[in-house]
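These are the residues of each chain, in order.
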Amino acid sequence: GLAVAGGAGAVAGAGLQLAASPDQPTPTAPTNTVALGSVGSQTVPFHGARQAGIATPIQRQAHARIAAFDLVPGADAAALRTLLQRWTTAAEALTTGRPAGNRTDTMTADSGPAALTVTVGFGPSLFGTVFPASARPAALAPLPAFGGESLDAARSDGDLGVLVCADDPVVVFSALRTLEQLAAGVATPRWQFAGFTRGRGVTTNEGATVRNLMGQLDGTKNPKPSEATFGKTVFVSADGWMRGGSYLVVRRIRMLLDEWEELPVTAQEQVIGRKKASGAPLSGGVETTPANFGRRGPDGELLIPADSHVRLAAAAFNRGAAMLRRGYSFADPQPGGGVEAGLIFLAWQADPRTGFVPVHQNLIAGKDRLSRFTRHEAGALFAMPGGVTRGEYLGQRLFE
Ligand code: HEM
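Each value, and the rule that gives it
Residues numbered from 1 in each chain as written. Predicted model: local features only at pLDDT ≥ 70, side-chain atom pairs only at ≥ 80, totals over all residues. Heavy atoms only, no water. Core = buried A, V, L, I, M, F, W, Y, C linked by side-chain atoms within 4.5 Å. Buried < 20%, exposed > 50% of the residue type's maximum accessible area, 1.4 Å probe, protein only. Helix = DSSP H or I, 4+ residues; strand = E, 2+ residues; numbered from the N terminus. Salt bridge = Lys/Arg side-chain N within 4 Å of Asp/Glu carboxyl O. Phe/Tyr/Trp six-rings, centres within 6.5 Å; stacked < 30°, edge-to-face > 60°.

**So, the nonpolar core**
By size, the foremost hydrophobic cluster in this structure holds 79 residues, and its most contacted members are L80, W87 and L160. Among the elements that line this core, the one with the most residues is helix 2 (residues 77-94), at 10 residues. Grouped together as the second largest cluster of nonpolar side chains are 23 residues, W191, V250, L346 and A378 included.

**As for the pattern of salt bridges**
The full count for this structure, using the stated rule, is 17 salt bridges. We note a salt bridge from R155 to D152, for which the minimum N-O separation is 2.8 Å. Between E377 and R254 there is a salt bridge; the shortest N-O distance is 2.3 Å. In this pair, E377 sits in strand 11 (residues 374-384) while R254 sits in strand 7 (residues 246-255), placing the two residues 123 residues apart along the sequence. The exposure class of E377 is buried, given its relative accessible area of 11%. Its relative accessible area of 25% is what places R254 among the partly exposed residues.

**What to know about the packing of aromatic side chains**
Applying the stated criterion across every chain yields a total of 13 aromatic pairs. Between W191 and F382, the ring centres sit 6.4 Å apart and the planes meet at 40°, which makes this aromatic pair tilted. You can see W191 sitting in strand 4 (residues 187-196) and its partner F382 sitting in strand 11, a full 191 residues away along the chain. Note on F382: relative accessible area 0%, which makes it buried. Each ring, one from F293 and one from F317, has its centre 5.2 Å from the other, and the planes form 80°; the classification is edge-to-face. In this pair, F293 sits in the loop between helix 7 (265-272) and helix 8 (309-313) while F317 sits in the loop between helix 8 and strand 8 (324-325), placing the two residues 24 residues apart along the sequence. For F317, a relative accessible area of 40% translates into the label partly exposed. Within the aromatic cluster, the residues linked to one another by ring pairs are F122, F127, F131, W241, Y393 and F399.

The structure is reproduced here in structure tokens:
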């Protein structure tokens, strides 16, 4: 294990004052609370063998923010440990609708937890600095460079990654704000992306696939918790500090919507390999019908084109590589009245070397037709460790 000297002292030296800790009373409950509705009162258990927010039973919360932090110069493993203890205590409170940290406002309590999840992990850059390089799992090697991409370094990578999701955007903002404040003196924000997907209660079938901003059903062929291979695909089963954890690949992918929207729908369907309205594969059937990649039309052409997105991304053509895609749309207003829209692509897997990496390489090598309408702008990789039981803190096994 890793030897960690010191304790809370390393952070106390940074001049932090904390209102909430396990042995102190929680801040006074707000007096103007309203009765919570069916959305606000939802909770996702924070404790468990796996962190919440990866394969939560709730399909997917409507709002998300993902943020990266860098340790301040001089912060050591002991300071990081104290930070993780604070974040754990805060997440325990916030996910049950109690205020946390030194925030005295009532934002979260008035809304309820709204299915809040807080998922925390480590970037490759923590190893060789705070932790010995030898403690870095092979799966956490920095991702290779991919042909044709130029990622914005200022909005990529980071020592720590935090994904905050809830069905209320105020809860998401407030929770992340709390975590930022608790990090003061130890870690500073590096970048942050905000995203959204279909609102809770909008459809009668909460489990139905959501649409992205290109208008496609996105997530159809995701691994399903009901499948026998789900756990092995998404979560780390090997012994070590990452056991029960998952690797998160983040990508800010901008959509060139002006160009995309000029395409007739039939051409858009050839780009993906599925029907736009129903999500059915172009080989026939309904959304859930397995794609038949060998099937040809009367003209002899493949019904699912050779350079279509689903063919190049399918596990069958990538030696079984698969990942759980759980992204969020973004539509960020720009000065001058424009908007940058796209997908905060979030992909969870047991190992990116048998998940995102070969699939993305195949999409590039095969000249994925979709890539004419997208630009990868920024990216990151985080090792999100397994979950915690009461009394443990996030990432604890990395310090043992
Ligand atoms: C499938 C859209 C980027 C991997 C799909 C589908 C759509 C879609 C509409 C078909 C429905 C489904 O199964 O979900 C997009 C858009 C992207 C994007 C709009 C960028 C803005 C990526 C990237 C990767 C990826 C970067 C991985 C490197 C996959 C995989 C499938 C898929 C593995 C399932 C393929 C299958 O087995 O049928 N995507 N995608 N996608 N996509 Fe993407």
